[in-house]
Every structure is written in C-alpha cells, then in structure tokens.
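Residue-level structure breakdown
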Amino acid sequence: MTYEIKLDVFEGPLDLLLFLIKKNEIDIYNIPIAAITEEYLKHLEVMKSLNLDLAGEYLVMASSLVHIKSKMLLPVPEDAVEGEEEDPRAELVRQLLEYKAFKEAALNLGNRSLLGRDVFKREGFPERELDTEDQQLVELNIFELIEAFQRVLSTMKKEDIMEIEGERISLTDTINEILEKLGSEKDVTFTGLLGEGFSRRRLVYTFLAVLELIKLRLIRAYQAHPFGAIRIFLAVEE
Amino acid sequence: MEDLRAVIEAMIFSSEAPLTLNKMKDALGDAAEKSDILREIEEIREEHDKRAGGFVLMEIAGGYQFRTRPDISAWIRKIKGVKPGSLSPAAMETLAVIAYRQPVLKADIDRVRGVDVSGALKGLLEKKLVKMLGRKDVPGRPMMYGTSREFLEIFNLKDLGELPTLRELKELQEEE
C-alpha cells in the first residue's frame, strides 16, 4: 500500500489529524482509529526522515491514538449498560471540533479588512500633549518599561572606565526611597528617580525596584505618549 | 452651534486615533447632547456612503475614524510602497483563541491548539495585539491574556461583540 504524503507544514498534531480526516472524507464523529493511527504514524516517519523538527506534541498525540485504539479493542464489560460506556474517542473528537472552530475563526479574522493592508487611515502627527490635566495617560506594559530602561542605558557615558569601589545599594533601600519620594510628591518620573550622575548599578536597582513595586501593586507607571517621560504614581492615590 | 455636523466631521478628520463619542461630548460641552452628536455622525456616515468617494466613516475600537475603502486597497498600497506584513497561521490561530476566550491562560491556548504557543504569544505581545490582563488567583498565579485596543484598530472592529460567535462559525461549516 502506498501513501501519498503531503509535506505542508502542519500547525500541530490536531492540524495534521484534521487534514487526514478531510483527505479521507472521514466522519469526524466516527473516526476509524486504526486506519487513522497508521496513516498518522506514517506521516511522522516521513517528517522524521526529512529531519523536520518533530515537536514532542506529535509524539504525545501518537501515543494517545495508540491508547484509544487499544481501548477500542477491549471487549465492553457484560454488565455495562448500553450507551453508558463513553466512546474512547469522545475526548479526541471534542478537541478536534474545538480546534477546527478556532482554525476557522482565525481564517475569518485574517479575511477582515485589515488596517495597513485593506484599509488605511489618515497619517498625521500624534496629538501634542496640551497640559498635564489633558494628558491621556496609558498604563505601561513590561516591554515599554524595558525599552525605557535600554534607552537610558544607551545614553550613559561609556568611556569613563576606572576602578571604583561599588556603591552599596540594596533593593529594599531603593524601594523605600521611591516610596518616600512618592510620599512627598504626587508623582515622579523614572529619570527623576535616578537623580544626577547616577551609576549603572543605581539604574539597574531603580529599574528592579520599580518592577517589584508594580508587581506588588504599590505603584503605577504611566506614559503620555510613546517615548515620553515615564511617570510613577502611588497605586493607592486613585 | 453654527454647524454641528461640520464641527464633528472636522473633529473626526483631524484625530489621529478613533475619536470617541465621550471625547466629542467633552469638547462640545453644552453645545450639543450626545444624541445630537450621534445623529450627526449617522448623517456624516450616510453622506460619505452616498458620495462613494475614497474614504468612509468607520466605527473602530469604540470610536469613529475615516478609513479608505477596502475595495481600492491595491492602489493605496502602491502609493504607500508597503508590503502588508501578515501574521503566520500559528499567530492567527493563537490570536483567535485569545480573542474568543479572554481572559485566557497560556495553558488553555496550548491545550486548544495542541502545541506550545510560547513563540506565537510572544510575537503577539510584541506586536501589541495582545496584552497581559493580570494574574489569575489560583496556585501558581498564571498570567491571563486578552486582546488590546490595537487589535480592534488593526482588525477593523468596533468592539469584541462584532466578532462572529463561534457557534455561527459552526453553522457556517454545517451549511457548506
């Protein structure tokens, strides 16, 4: 028996199974497990022989297919009530149907009129900030914080190389300093926290302290516009 | 108010991001009620549709924005000189699961797709289509994910309610 093997890249074991089901025009609610398992394993072999990166998930699916196949071979206990014993394939079918629904949903999403591909908006300058009251503050995410960190890092002088004794800073002290500052002022900027002529060590500790405080939900970081100053508020002030 | 319709049209035209009804009401103050503004927006939309010009008024991410007509996109792409960057099937599937199941844990996305979605998820976070919604209050405190405002803007959606329901999708499949 020869197998026609399709070498498209599959999005995972469920995708491969759906493909096999469609190709063989199989009723998804009544999958011939033995035949499908055989064909599935055949595909894995070809993928292996081509040195395709075979993710572990494919092997997990192979073993559950074999498991379902062996369960189907077992005789149903005589005292089992008709219909009460669940079909060993039920869970797999549910998984396949769910995945299929989302695969369709993904195609639907991709077929929408996408901005920058099918529709375009007027390009202009971002709205200028008026005064503090009118600023539209946007809560920052981790990537923007890291970007800000790297931006400050890149502006630091690099040529000043000399052996100095490391400034002793602890994370707890830095955290307390920030909280103290926020106790007397409504908000501070990230650069404001660093002060003049800060060291690399100080920058790292301040950054870590800000992250820790955000994690503890003690402070909030906002930014009015991309690349703008990062302003830090006490979280309780709202 | 000299010409409410002209003012609203100009406000939407001159805004960078989709302009919300609340923002317009704030700017107009006592000069117009929200119902007046909505009525004028509807008129503006109809005027533009009737004119069949190069752009139309769309409701995007809870606001209003003028966008070019989808059927003439090929010409606009030429003048913009951009190739549309598209998302991989893996990214699109991951995005679909997040859009429909949010707030959703990574483990749940893994389970639905049957693969590890770390890479796709990271890409979506970097593209800002997906954001972290906070941690779920269960052991391990896993992160919950959801779609962002950018997602609505890029995918031309008024709100998440505009997504067809999964059941509708199922019915479509059955009709085929």
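Okay, so let's go over this structure. (Residues numbered from 1 in each chain as written. Chains lettered and ligands numbered in written order. Predicted model: local features only at pLDDT ≥ 70, side-chain atom pairs only at ≥ 80, totals over all residues. Heavy atoms only, no water.)

1. Some thoughts on the interface of chain A and chain B
Of the residues lining the interface, 40 residues belong to chain A; the matching set on chain B comes to 49 residues. Buried area between chain A and chain B, summed over both chains or domains, comes out near 4000 Å², and the portion from carbon and sulfur atoms is 57%. Of all residues in chain A, Phe102, Phe120 and Arg122 of chain A bury the most surface against chain B, accounting for 19% of the area lost on that side. Where chain A packs against chain B, one counts six salt bridges. (Contact = heavy atoms within 4.5 Å. Buried area = accessible area lost by both parts, 1.4 Å probe. Salt bridge = Lys/Arg side-chain N within 4 Å of Asp/Glu carboxyl O.)

2. Considerations on the sheet that holds strand 3 (residues 63-68) of chain B
All names here are of chain B. Spatial ordering of the open sheet is given by 1-3-2, a layout of three strands whose pairing is antiparallel. Each edge of the open sheet carries a strand with a single partner, namely strand 1 (19-20) and strand 2 (55-60). Inspection of the sheet shows strand 1 paired to strand 3 by two bridges, in the antiparallel sense. Looking across to strand 3, one finds that Thr20 is bridged to Gly63. The sheet strands contacting helix 3 (residues 34-51) are strand 2 and strand 3, and the helix crosses strand 2 at an angle near 140°. (Pairing = 2+ DSSP bridges. Helix = DSSP H or I, 4+ residues; strand = E, 2+ residues; numbered from the N terminus. Axes fitted to C-alpha atoms, helices over the stretch in contact; angles between N-to-C directions.)

3. A closer look at the packing of helix 1 (residues 13-23) of chain A against helix 2 (residues 33-49) of chain A
All names here are of chain A. Put simply, helix 1 and helix 2 touch, their axes get as near as 11 Å, and they point 125° apart. With respect to each other, helix 1 and helix 2 are oriented oblique. Pair helix 1 / helix 2 crosses with right-handed handedness. Each of Pro13, Leu16, Leu17, Phe19, Leu20, Ile21 and Lys23 in helix 1 lies in contact with helix 2, whose residues at this interface are Ile36, Glu39, Tyr40, His43 and Leu44. (Parallel < 35°, antiparallel > 145°, perpendicular 65-115°, else oblique. Left-handed = near helix turned anticlockwise from the far one by under 90°.)

4. Examining the nonpolar core
Counting 35 residues, the largest nonpolar core has Leu109 of chain A together with Leu95, Ile98, Leu124, Val130, Phe151 and Phe155 of chain B as the members making the most contacts within it. When residues of this core are traced back to their parent elements, those giving at least two are helix 4 (90-110) of chain A together with strand 2, helix 5 (89-101), helix 6 (106-113), helix 7 (118-126), strand 6 (143-147) and helix 8 (149-154) of chain B. Counting 26 residues, the second largest nonpolar core, distinct from the first, contains Phe19, Ile36, Tyr40 and Tyr58 of chain A. (Core = buried A, V, L, I, M, F, W, Y, C linked by side-chain atoms within 4.5 Å. Buried < 20%, exposed > 50% of the residue type's maximum accessible area, 1.4 Å probe, protein only.)

5. Some thoughts on the packing of aromatic side chains
Tallied over the entire structure, the rule returns seven aromatic pairs over all chains. Measuring from ring centre to ring centre gives 5.5 Å for Phe55 of chain B and Phe66 of chain B, while their planes differ by 80°; the resulting arrangement is edge-to-face. With Phe55 of chain B in strand 2 and Phe66 of chain B in strand 3, this pair connects stretches of sequence that are 11 residues apart. With relative accessibility at 31%, the residue Phe55 of chain B sits in the partly exposed group. Across the ring face of Phe13 of chain B, the terminal group of Arg122 of chain A is positioned such that the distance to the ring centre comes to 4.7 Å. (Phe/Tyr/Trp six-rings, centres within 6.5 Å; stacked < 30°, edge-to-face > 60°. Lys NZ or Arg CZ within 6 Å of the ring centre and 35° of its normal.)

6. Here's the deal with the pattern of salt bridges
Side chains carrying opposite charge are able to pair once their charged atoms draw close together. Counted by the stated rule, this structure contains 28 salt bridges over all chains. Linking Arg111 of chain B and Glu98 of chain A is a salt bridge whose minimum nitrogen-to-oxygen distance equals 3.5 Å. Taken together, the residues Arg111 of chain B in helix 6 and Glu98 of chain A in helix 4 connect one chain to another. Under the relative-accessibility criterion, Arg111 of chain B is labelled partly exposed at 36%. Residue Glu144 of chain A is joined to Lys128 of chain B by a salt bridge in which the shortest nitrogen-to-oxygen separation is 3.3 Å. Here Glu144 of chain A, found in helix 5 (residues 142-155), pairs with Lys128 of chain B, found in the loop between helix 7 and strand 5 (130-135), and the two come from separate chains.

7. What to know about the packing of helix 2 of chain A against helix 3 (residues 56-73) of chain A
Residues and elements named next belong to chain A. One can describe the packing of helix 2 onto helix 3 by two numbers: an axis separation of 10 Å at closest approach and a directional angle of 155°. It follows from the interaxial angle that helix 2 and helix 3 lie roughly antiparallel. Every pair of crossing elements has a handedness; the one defined by helix 2 and helix 3 is left-handed. Contacts between helix 2 and helix 3 pair Ile33, Ala34, Thr37, Tyr40, Leu41, Leu44 and Met47 from the former with Tyr58, Leu59, Met61, Ala62, Leu65, Val66, Ile68 and Lys69 from the latter. Here the residues of the contact of helix 2 with helix 3 sort into 13 nonpolar, one polar and one charged. (Nonpolar A, V, L, I, M, F, W, Y, C, P; charged D, E, K, R; others polar.)

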